[in-house]
Amino acid sequence: MTKLDMKSRAAARTLPLNQILAGDCIEIMNALPEASVDLIFADPPYNLQLKGELHRPDNSRVDAVDDHWDQFSGFAAYDRFTRDWLAAARRILKPDGAIWVIGSYHNIFRVGAELQNQGFWILNDVVWRKANPMPNFRGKRLTNAHETMIWASKSEGAKYTFNYEALKSLNEGVQMRSDWVLPICTGGERLKDAGGAKAHPTQKPEALLHRILVGSTNPGDVVLDPFFGTGTTGAVAKMLGRDFIGIEREAAYREVAEKRIARIRKFDSEAIATIKPKRAEPRVPFGQVVERGMLRPGEELYSLNNRHKAKVRADGSLIGNDVKGSIHQVGAALEGAPSCNGWTYWHFRREGRMVPIDILRQQIRAEMEADEGRAH
């Protein structure tokens with residue numbers, strides 16, 4: 001274990017995990033241990049600058065965002081606020097941590113510029129296209145049907161978490177794009193206060209956080225939300241086996257969030273597991289298969305189309321048709337191809353069946369992962 005890993009584990013033990021902290025997010029983040037958080041999801045005030053009330057064509061009043069926490073004296077004040085909370089957030093992120101920030105056209109460009117000013121490295125801007133947006137009642141602009149999220153690593157070259165295969169699986173086997181069509185929070189998911197009004201004007205749908213956490217965190221990671229609101233981040237984190245830290249200064253929101261999260265049940269460990277990318281799996285040399293007697297020197301391997309065969313040698317190399325080399329080199333030479341994945345190309349015969357040698361590699365990997373689990 002490296003010194004950095006030891007430091008991260010020590011910091012994790014002192015973190016207020018799975019708690020909602022009351023107070024100013026900048027002050028609280030500055031009091032947390034440095035480099036202790038894996039991911040930050042931030043839904044900061046948008047600085048909507050609303051002028052007066054907004055009404056529908058039938059003259060009914062729209063319940064717009066006019067709360068005091070979204071009001072700033074001007075762009076300069078908002079920029080200072082953005083600079084300060086992003087600096088605090090960057091300090092507590094682990095070196096390979098990342099941040100998601102969501103906003104509208106009112107603020108997201110200013111936030112994006114400050115992210116770059118502070119050394120964050122922007123990975124994607126993701127458009128959340130709302131399947132059921134609120135119309136533009138005044139009819140003087142386009143219907144505002146999307147919000148923008150910025151996903152950024154702490155620095156250029158950071159080894160941030162990206163569960164590519166898991167997101168591909170969520171998207172029916174197709175690579176996940178940067179435009180996400182999801183409905184806004186409505187119906188039973190929309191939390192209400194004692195009077196039946198919306199508990200929070202900008203409650204985010206759980207589907208949005210589900211996609212973010214599945215795609216950019218792993219079970220056991222620490223996810224911090226500095227503008228916790230009614231706790232969507234915490235609720236989804238709990239379900240998916242991630243630890244959360246929420247920061248919220250409004251007592252009414254904290255009360256709703258605490259009740260909400262208390263009702264959440266964590267999915268079992270098998271349910272929250274995701275498909276691992278092949279590059280994240282431990283490397284197994286073919287020679288290890290031979291050393292362990294899973295294949296013997298002199299045993300013959302066959303291509304799937306049965307056109308070619310090669311003999312296993314004691315050093316883990318193959319020889320076939322006077323071609324010598326690795327399982328990949330010999331396969332490529334025999335096929336006249338620039339490259340070849342020998343693990344899927346070569347097969348051995350057992351009880352009359354052709355079995356890919358990759359089965360043996362997966363068996364060794366399973367043993368390696370089991371040993372690693374016992375070590376932890």
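That block above? That's the structure.
Below you will find a few notes about this structure. (Residues numbered from 1 in each chain as written. Predicted model: local features only at pLDDT ≥ 70, side-chain atom pairs only at ≥ 80, totals over all residues. Heavy atoms only, no water.)

**So, the packing of aromatic side chains**
For the structure shown, the criterion picks out 11 aromatic pairs. Taken together, a centroid distance of 5.5 Å and an interplanar angle of 85° make the contact between Trp 151 and Tyr 160 edge-to-face. Note on Trp 151: relative accessible area 6%, which makes it buried. Seen in terms of ring centroids, Phe 228 and Phe 244 are 5.7 Å apart; in terms of plane orientation they differ by 10°. Their pairing is stacked. Of this pair, Phe 228 sits in the loop between β7 (222-225) and α7 (232-239) while Phe 244 sits in strand β8 (residues 243-248), placing them 16 residues apart in sequence. Residues Phe 228 and Phe 244 agree in their burial class; the two are buried. What links up through ring pairs into an aromatic cluster is the set Trp 100, Trp 151, Tyr 160, Phe 162, Tyr 164 and Trp 180. In this structure, Arg 110 is placed above the aromatic ring of Phe 75, and the distance from its NZ or CZ to the ring centre is 4.2 Å. One cation-aromatic arrangement involves Arg 349 over Tyr 302; the distance from NZ or CZ to the ring centre is 3.9 Å. (Phe/Tyr/Trp six-rings, centres within 6.5 Å; stacked < 30°, edge-to-face > 60°. Buried < 20%, exposed > 50% of the residue type's maximum accessible area, 1.4 Å probe, protein only. Helix = DSSP H or I, 4+ residues; strand = E, 2+ residues; numbered from the N terminus. Lys NZ or Arg CZ within 6 Å of the ring centre and 35° of its normal.)

**Some words on the nonpolar core**
Grouped together as the largest cluster of nonpolar side chains are 33 residues, with contacts concentrated most on Trp 100, Met 149, Trp 180, Leu 208, Ile 212 and Leu 213. Here the element with the most residues in this core is helix α6 (residues 206-216); it accounts for 5 residues. Met 29, Ile 92, Ile 108 and Leu 224 belong to the second largest nonpolar core, which has 31 residues in total. (Core = buried A, V, L, I, M, F, W, Y, C linked by side-chain atoms within 4.5 Å.)

**Quick word on the sheet that holds strand β4 (residues 121-130)**
What the 8 strands build is an open sheet, ordered β1-β8-β7-β2-β3-β5-β4-β6; its pairing is mixed. In the strand order of this sheet, the two ends are held by β1 (19-22) and β6 (179-182), each with one partner. Along the sheet, successive strands turn relative to each other by an average axial angle of 20°, direction set aside. Bridge analysis of β4 against strand β5 (residues 146-153) gives 8 bridges, and the strand direction is antiparallel. The residue of β5 that forms the bridge with Val 126 is Met 149. Across the sheet, helix α3 (residues 75-92) is in contact with β2 (37-42), β3 (93-103) and β7; its angle to β3 comes to roughly 145°. Its contacts with the sheet put helix α4 (residues 108-117) on β3, β4 and β5, and the angle it makes with β3 is roughly 165°. (Pairing = 2+ DSSP bridges. Axes fitted to C-alpha atoms, helices over the stretch in contact; angles between N-to-C directions. Contact = heavy atoms within 4.5 Å.)

**Overview of the packing of α7 against helix α8 (residues 251-262)**
It is the contact of α7 with α8, at a shortest axis distance of 9 Å, that shows an interaxial angle of 15°. The angle between α7 and α8 falls in the class roughly parallel. As α7 runs across α8, the sense of the crossing is right-handed. Contacts between α7 and α8 involve Thr 232, Gly 234, Ala 235 and Lys 238 on the former and, on the latter, Arg 260, Ile 261 and Ala 262. Residues of the contact of α7 with α8, tallied by class, amount to 3 nonpolar, 2 polar and 2 charged. (Parallel < 35°, antiparallel > 145°, perpendicular 65-115°, else oblique. Left-handed = near helix turned anticlockwise from the far one by under 90°. Nonpolar A, V, L, I, M, F, W, Y, C, P; charged D, E, K, R; others polar.)

**Digging into the pattern of salt bridges**
Pairing is possible between side chains of opposite charge, provided their charged atoms come close. Taken as a whole, this structure holds 14 salt bridges when the rule is applied. Across the pair Arg 260 and Glu 206 runs a salt bridge, and its minimum N-O distance is 3.1 Å. One end of the pair, Arg 260, is in helix α8; the other, Glu 206, is in helix α6, with 54 residues separating them in the sequence. Of the residues examined, Arg 260 reaches a relative accessible area of 4% and is grouped as buried. Of the charged contacts, one joins Arg 292 and Glu 367 as a salt bridge, the two residues approaching to 2.4 Å between their closest N and O atoms. (Salt bridge = Lys/Arg side-chain N within 4 Å of Asp/Glu carboxyl O.)

**Comments concerning unusual backbone geometry**
Of note, Glu 172 is a non-glycine position whose phi angle comes to about 55°, a positive value. Among the secondary structure elements, Glu 172 is positioned in the loop between α5 (164-170) and β6. At Asn 306, a position not held by glycine, the phi torsion is positive, near 65°. Topologically, Asn 306 is positioned in the loop between β9 (300-303) and β10 (309-312).

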